[in-house]
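Analysis of the macromolecular model
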Amino acid sequence: MRITTQMLNESARKAGLPINHTSLLNYIKSDGKQNTLLDALNKSNETSVKKGSYEKIDKEADKLIQAANNLIQSGENSVFEQAKTSNDYQKVYDGIEKLFERYNGTLKALKSTPNTMNNFYREMMLEASAETKESLSGVGITFVKDGTARVDMEKIKATDLETLEGLFGTESDFVNKIRFLAEKVSNNAEVNIRSLNSAYNASGSIYAAIGNSKFDFWG
């Protein structure tokens, strides 16, 4: 199926992601040609990418999902609720540090395997961080030139729990957006892993192998 801007915008809207800043079609039409998204994806996949690269992306994205889930979990098992009860905040600190460790790992994995979709998801992750840059900076999270994060744990520990929960807990826009994007990164990596494991059809297109793939998640 063809992935359209309308489909992408609807998925982004549901997750509260910006839909007017970064357009997937920016990557498709950067050369001024009226290529379809399918054409661009076919072109990007003409360059053989080692399966191991996508396996690494999938692994890093899954770790990011787990780190995000750990922070945004609600109820009595929430690390923030546990901290309030025990007055021991170490799990909160560890969770925040792990989140950005996984965030950096996913960004680096995407950058090491550039193509249309990987570049797009990386840009969306950078946008999500940029939107919360000022608030994150206030608690010790800064970003370097390549977009990866640096965490000042001393500043994190000097921040009150309520502020940390607002930035990283259940209602966190930033963590929920990053989790949403990590799921899409993982899905896309799995599609490519399967396609690399499958035989190309007679025309050389990989789409026969992934016609029923996770590209359906856009709906």
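Residues numbered from 1 in each chain as written. Predicted model: local features only at pLDDT ≥ 70, side-chain atom pairs only at ≥ 80, totals over all residues. Heavy atoms only, no water.

Comments concerning the nonpolar core
Generally speaking, soluble globular proteins have nonpolar side chains that are buried together. In this structure, Leu99, Phe100, Tyr103, Leu164 and Phe168 are the most contacted members of the largest nonpolar core, which totals 47 residues. Of all the secondary-structure elements, those providing two or more residues to this core are helix H4 (51-72), helix H5 (79-86), helix H6 (90-112), helix H7 (116-131), helix H9 (153-157), helix H10 (161-168) and helix H11 (173-197). Tyr103 has contacts with Leu64, Met125, Leu126, Ser129, Phe143, Gly147, Ala149 and Ile178, leaving out every residue within four places of it along the chain. (Core = buried A, V, L, I, M, F, W, Y, C linked by side-chain atoms within 4.5 Å. Buried < 20%, exposed > 50% of the residue type's maximum accessible area, 1.4 Å probe, protein only. Helix = DSSP H or I, 4+ residues; strand = E, 2+ residues; numbered from the N terminus. Contact = heavy atoms within 4.5 Å.)

Quick notes on the packing of aromatic side chains
Enumeration over the complete set of coordinates arrives at seven aromatic pairs. Their ring planes at 70° and their centres at 6.2 Å tell us that Phe100 and Tyr103 sit as a pair that is edge-to-face. Taken together, the residues Phe100 and Tyr103, both in helix H6 and three residues apart, mark about one turn of the helix. A relative accessible area of 1% places Tyr103 in the buried class. Ring centres of Tyr103 and Phe143 lie 6.2 Å apart, and the angle between their planes is 70°; on these two criteria the pair is classed as edge-to-face. Here Phe143 lies in strand E1 (residues 141-143) and Tyr103 lies in helix H6, a separation of 40 residues in the sequence. Feature note: the residues Phe100, Tyr103, Phe143, Phe168 and Phe174 constitute an aromatic cluster, connected by ring pairs. (Phe/Tyr/Trp six-rings, centres within 6.5 Å; stacked < 30°, edge-to-face > 60°.)

Concerning the confidence of the model for the chain
On average, the chain scores 81 in pLDDT, and the residues at 70 or more come to 68%. Of the regions scoring below 50 in pLDDT, residues 199-203 engages in four contacts with residues more than four places distant in sequence or in other chains. Residue range residues 205-219 is modelled with pLDDT below 50. Its contacts to residues more than four positions away, or to other chains, number 36 contacts. (pLDDT = per-residue confidence, 0-100.)

Notes on the pattern of salt bridges
As enumerated under the stated definition, the model contains seven salt bridges in all. Between Glu55 and Lys51 there is a salt bridge, with the nearest N and O atoms lying 3.8 Å from each other. Here Glu55 and its partner Lys51 are both found in helix H4, four residues apart, which amounts to about one turn of the helix. For Glu55, a relative accessible area of 38% gives the class partly exposed. Ionic pairing is found between Lys84 and Glu81, a salt bridge with its closest N-O pair at 3.3 Å. With Lys84 and Glu81 both in helix H5 and three residues apart, this pair spans about one turn of that helix. Through salt bridges with shared partners, one network takes in Glu81, Lys84 and Glu165. (Salt bridge = Lys/Arg side-chain N within 4 Å of Asp/Glu carboxyl O.)

Details of unusual backbone geometry
Of note in this structure, Asn87 is not a glycine but carries a positive phi near 65°. By the element assignment, Asn87 lies in the loop between H5 and H6.

Quick look at the side chain of Thr159
Relative to the assigned elements, Thr159 resides in the loop between H9 and H10. Side-chain polar atoms of Thr159 contact the backbone oxygen of Lys155, separated by 2.9 Å. Excluding residues that lie within four positions of it along the chain, Thr159 makes contacts with Val139 and Leu164. (Polar contact = N/O pair within 3.5 Å; in protein donor to acceptor, adjacent residues only side chain to side chain.)

Remarks on the packing of H4 against H6
Remark: H4 packs on H6, axes separated minimally by 8 Å, with the N-to-C direction vectors making an angle of 155°. Comparing their axes, H6 and H4 come out roughly antiparallel. Here H4 runs over H6; the crossing is left-handed. For the pair H4 and H6, the contacting residues are Lys56, Ile57, Glu60, Ala61, Lys63, Leu64, Ala67, Ala68, Asn70 and Leu71 in the first and Val92, Gly95, Ile96, Lys98, Leu99, Arg102, Tyr103, Gly105, Thr106, Ala109 and Leu110 in the second. Residues belonging to the contact of H4 with H6 are distributed by class as follows: twelve nonpolar, four polar and five charged. (Axes fitted to C-alpha atoms, helices over the stretch in contact; angles between N-to-C directions. Parallel < 35°, antiparallel > 145°, perpendicular 65-115°, else oblique. Left-handed = near helix turned anticlockwise from the far one by under 90°. Nonpolar A, V, L, I, M, F, W, Y, C, P; charged D, E, K, R; others polar.)

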